[in-house]
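# Structure at a glance
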Amino acid sequence: MIKISVPATSANLGIGYDTLGMAVSLYSHFTFERADELKITGCPAEFQNENNLVYASFADALRAWGEEPFPVRLHIDTDVPVARGLGSSSTCVVAGIMAAAALTGHTVDRSELVRLATAVEGHPDNVAPAILGGAVCSFTPTGGLPQCLRYDVHPSLRFITVIPPYEVHTSEARKVVPQSVPLADAVWQMGRIAGMTRGLETGNLELISAANDDRLQEPYRRALIPDYAAIRATCLDGGAGTLWISGSGSTLMAVTDDTIVAKFLQVRLRERFPECETHILTCDTQGAQIEYL
């Protein structure tokens, strides 16, 4: 029996559309063991079958290695909400691939995990930090393998995470983003991506706040999150340096370098938005982990 733990992720980090992502201290846990027939627990009944994303990723990895899929007992225990912009699908994909390797004796390094997971997800911005930990800038060259630049995130930073009780599906969020942008907007983004990664590394909240001024996707996706303006105002008035939409939303993530500010802000958010789930998170530095039980 094996247990795989995968961190949630926040993609884009405001300014880095489809390129930046960060692992955070909210986790999904998956327990696997070989079985005579497939049995999945810990998720809704409609996902307790071969189409479950965890098992489908498990089976796809085995086929990629020339092996036939086999049944397992799989239990899912997750704190990562579905379709809220925290990489829930990536945790499933990563866990399935890692379990396929572990239960068949394959030795797979993290770069191979990123390659396989990217093939399933379509892009590495969530799966790369889920596997590597930290903050990651990733891209895939034409015809090449995913390239991942990992950055350590300063331990002083706290990420106040507000999860509304409604979904924003990635497919819908992509529809509202323009497919082409003026050259001036592209130039605007480039320097700020460098500023964001440097700010996260050094814990420079002023730099993070200055860099987090996106023109590609957040101006259009805000309309999909009814509570965006009110939550943003509450966070900035409460001492946070900045706020971004996590992935495609609906989760919003504010940043501070002061734990006391983070705690007071969490109290204020819970008072004003009691229907929202609120966490104070740090950057996960380890990425996906596996243990034998």
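Okay, so let's go over this structure. Sequence order sets the numbering: in each chain, residues are counted from 1 along the sequence as written. pLDDT decides what is reported in this predicted model: residues at 70 or higher carry local features, side-chain atom pairs at 80 or more are listed and counted, and totals for whole chains, interfaces and linings draw on all residues regardless. Excluded from the side-chain calculation are hydrogens and water; included are all heavy atoms of the structure.

It is worth spelling out the sheet that holds strand 7 (residues 158–163) at this point. We call two strands paired when DSSP finds no fewer than two bridges between them. Elements are defined by DSSP. Helices are runs of H or I of four residues or more, strands are runs of E of two residues or more, and each kind is numbered from the N terminus. Across the sheet, which stays open at both edges, the 4 strands sit in the order 8-9-7-10 with antiparallel pairing between neighbours. Each edge of the open sheet is held by one strand with a lone partner, namely strand 8 (242–245) and strand 10 (277–281). On average, each strand axis in the sheet is tilted by 20° relative to the strand beside it, whichever way the strands run. In this sheet, strand 9 (residues 252–256) lies alongside strand 8 in antiparallel orientation, the contact comprising 4 bridges. Within strand 9, the position partnered with Trp244 by the bridge is Met253. The strands touched by helix 10 (residues 259–272) are strand 7, strand 9 and strand 10; relative to strand 10, the strand with the most contacts, the crossing angle is about 175°. Between N-to-C directions, angles cover 0 to 180 degrees, with each direction set by a line fitted to C-alpha atoms, over the stretch in contact for helices. In what follows, residue pairs with any heavy atoms lying within 4.5 Å of each other are defined as contacts.

Because the α-helix completes a turn every 3.6 residues, residues three or four places apart line up on one side. The span one expects for a helix is its residue count, reduced by one, times 1.5 Å. Under the 1.5 Å per step criterion, the end-to-end length of helix 6 (residues 183–202) is 30 Å for 20 residues, consistent within 8% with the ideal 28 Å. Taken as a whole, helix 6 has its buried residues at Asp185, Gln189, Gly195, Met196, Thr197, Gly199 and Leu200. At its buried positions, helix 6 is contacted by strand 2 (20–34), strand 5 (135–139), strand 6 (147–151), strand 7, helix 7 (205–211) and strand 8. Gly203 sits one or two residues past helix 6 and shows a positive phi near 75°. Type-normalised accessible area, obtained with a 1.4 Å probe on protein chains alone, sets the label of each residue: buried when under 20%, exposed when over 50%, and partly exposed for intermediate values.

By definition, disulfides here are pairs of cysteine sulfur atoms that lie within 2.5 Å. A full pass over the atoms with the stated rule returns 0 disulfides. Cys92 carries a free sulfur, and the closest cysteine sulfur to it, the one in Cys43, is 8.7 Å from it.

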